[in-house]
Amino acid sequence: RLLDPELRKLFPKGVNLDLICGLPCQTPESMRRTIRKTIELRPDRICLNYMDYKPEVVAHQRLMPQNKIPNGYERKVLFLTALEMLEGAGYVRTGYDHFALPSDDVAKAMSEGKMIWNSLGVTPGRYEDILGVGVHSYSRIGPSFYSQNTDVLMEYTHAVTSGKLPVWRGYQLSKDDILRRKVIQQIRNYSSLRFHEIEEEFGIVFGDYFRKEIAAIRELEKDGIATLSDEGIVITELGGQFANLVCREFDVYAT
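Residues numbered from 1 in each chain as written. Predicted model: local features only at pLDDT ≥ 70, side-chain atom pairs only at ≥ 80, totals over all residues. Heavy atoms only, no water.

### Some points on the overall build of the protein chain
- Scanning the protein chain for helices and strands turns up ten helices and twelve strands.
- Expected size for 255 residues packed as a compact globule is a radius of gyration near 18 Å; at 20 Å, the protein chain falls within 12% of this value.
- Its C-alpha atoms put the protein chain at 50 × 50 × 45 Å along the principal axes.
- Once local pairs closer than 6 in sequence are excluded, the contacts in the protein chain between residues at least 24 apart make up 51%.
- Roughly 15,100 Å² of accessible area belongs to the protein chain as shown, and the carbon and sulfur atoms make up 57% of that amount.
- Averaging the coordinates of the 33 positive side-chain charges in the protein chain and doing the same for the 35 negative ones gives two points 5 Å apart. (Helix = DSSP H or I, 4+ residues; strand = E, 2+ residues; numbered from the N terminus. Rg over C-alpha atoms; globule rule 2.2 N^0.38 Å. Contact = heavy atoms within 4.5 Å. Areas by Shrake-Rupley, 256 points an atom, 1.4 Å probe, with all protein chains shown as cover. Lys, Arg positive; Asp, Glu negative; His and termini not counted. Charge placed at Lys NZ, Arg CZ, Asp CG, Glu CD.)

Written as structure tokens, this is what we have:
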């Protein structure tokens, strides 16, 4: 049990628990049972991810009963069910789909504006580089370079035993990529964005550079998802469930 003091001593940096929202046959009642058990275990951090249904990439998902997979509305209900219970139990929402106890380093980093979101979820921001180990894992080295290991086990093994990097593909970010990453980070992590901070860091006029994106966000503003002013963007309480839609407007790779 995670509550065992002797067990917790083995994890001085805290215990993280990942949960999936939107699994086949998942209902609000089953989600409540899951969250009640989670609260009982009392992990320091919780990642509540939506299931990413991509059977063309993850072949075994084709075995899932299609008529039992919650639709978009039902997934939001499941997430809100978990959100209300976790916040009621004292957890802080750290970013879009993560939660932490107030005593955890991630919650403290969020209050200090140091929290970072990467492939490991939200972190206290003490590091940003990641070295992926194992098939299919991916890495970030420096501010501009990403790579992904091969997902074929034999190729991975051959590369490693030959003293080579098992990298399948890589990508170098442009200045525009880095700028957009920072904007998305701020909105996703802190539900707000101050234009002048981006302008000072990247030497742009936000309204000119992101003219098209601001026009799109004005449409989201009509739905009560965000508020837009001369100073910046603020995600509303309602918009907290749809911040990804605001981020999407800044993502040139979104499909």
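### Description of the pattern of salt bridges
- Enumeration according to the criterion identifies 16 salt bridges in this entry.
- Here Arg36 ties to Glu29 by a salt bridge, and the two come within 3.3 Å at their closest N and O atoms.
- For Arg36, a relative accessible area of 42% puts it in the partly exposed group.
- A relative accessible area of 34% means that Glu29 is categorised as partly exposed.
- The residue Lys114 makes a salt bridge to Glu112 at a minimum N-O spacing of 3.7 Å.
- Linked through salt bridges whose partners overlap, the residues forming this network are Glu29, Arg32, Arg33 and Arg36. (Salt bridge = Lys/Arg side-chain N within 4 Å of Asp/Glu carboxyl O. Buried < 20%, exposed > 50% of the residue type's maximum accessible area, 1.4 Å probe, protein only.)

### A look at the sheet that holds strand 8 (residues 145-149)
- With respect to topology, three strands assemble into an open sheet ordered 7-8-9, the strand pairing being antiparallel. Strand pairing shows two members of the sheet lacking a second neighbour, strand 7 (138-141) and strand 9 (167-172), which therefore form its edges. For this sheet the average axis-to-axis angle between neighbouring strands, irrespective of direction, equals 20°.
- Where strand 7 meets strand 8, four bridges bridge the pair, whose relative direction is antiparallel. Counted as the bridge partner of Ile141 is Phe145 from strand 8. (Pairing = 2+ DSSP bridges. Axes fitted to C-alpha atoms, helices over the stretch in contact; angles between N-to-C directions.)

### Some points on the nonpolar core
- In terms of nonpolar packing, the biggest core is built from 39 residues, with Val183, Phe206 and Phe250 touching the most fellow members.
- Take this core: its biggest share by element is five residues, from helix 3 (residues 72-88).
- Contact partners of Phe206, with chain neighbours within four places excluded, come to Val183, Leu193, Phe195, Ile198, Glu199, Ile214 and Phe250.
- In terms of nonpolar packing, the next biggest core, distinct from the first, is built from five residues, Val106, Ala109, Met110 and Met115 among them. (Core = buried A, V, L, I, M, F, W, Y, C linked by side-chain atoms within 4.5 Å.)

### Observations regarding the sheet that holds strand 3 (residues 92-93)
- Ordered in space as 1-2-4-3, the four strands form an open sheet in which the pairing is mixed. Across the chains shown, the open sheet's two edge strands, defined by having one partner strand only, are strand 1 (16-21) and strand 3.
- Sheet topology note: the strand 2 (residues 45-50)/strand 4 (residues 98-100) ladder contains three bridges and is antiparallel. Residue pairing for strand 4: Arg45 is matched across the bridge by Ala100.
- Helix-sheet contacts for helix 2 (residues 28-41) involve strand 1 and strand 2, and the interaxial angle to strand 1 is about 175°.
- Packed on one face of the sheet, helix 3 meets strand 1, strand 2, strand 3 and strand 4 and runs near 170° to strand 2.

### Digging into helix 9 (residues 211-222)
- For helix 9, which comprises twelve residues, the first-to-last C-alpha distance of 17 Å matches the rise-based estimate of 16 Å (1.5 Å per residue) to within 8%.
- Among the residues of helix 9, those classed as buried are Glu213, Ile214, Ile217 and Leu220. Each buried residue of helix 9 sits inside an arc of 105° when the element is viewed along its axis, so together they form one side. Within helix 9, the exposed residues directed more than 90 degrees away from the buried face are Arg211, Lys212 and Lys222.
- Tucked into the core, helix 9 has its buried residues touching helix 6 (175-190), helix 8 (206-209), strand 11 (226-228), strand 12 (232-235) and helix 10 (243-249).
- One or two steps after helix 9, the chain reaches Gly224, where phi turns positive at roughly 75°. (Expected span 1.5 Å × (residues − 1). Arc of directions from axis to C-beta.)

### Some points on the confidence of the model for the protein chain
- On average, the protein chain scores 92 in pLDDT, and the residues at 70 or more come to 99%.
- When pLDDT is averaged over each helix and strand of the protein chain, the minimum, 76, is found for helix 1 (residues 5-8) and the maximum, 97, for helix 7 (residues 195-202). (pLDDT = per-residue confidence, 0-100.)

### Observations regarding the pairing of strand 12
- The pairing of strand 10 (residues 192-194) with strand 12 spans three bridges and is classified as antiparallel. Each bridged residue has a counterpart across the sheet, and for Leu193 the counterpart in strand 12 is Ile233.
- In this sheet, strand 12 lies alongside strand 11 in antiparallel orientation, the contact comprising three bridges. Within the sheet, the bridge partner assigned to Ala226 lies in strand 12 and is Ile235.

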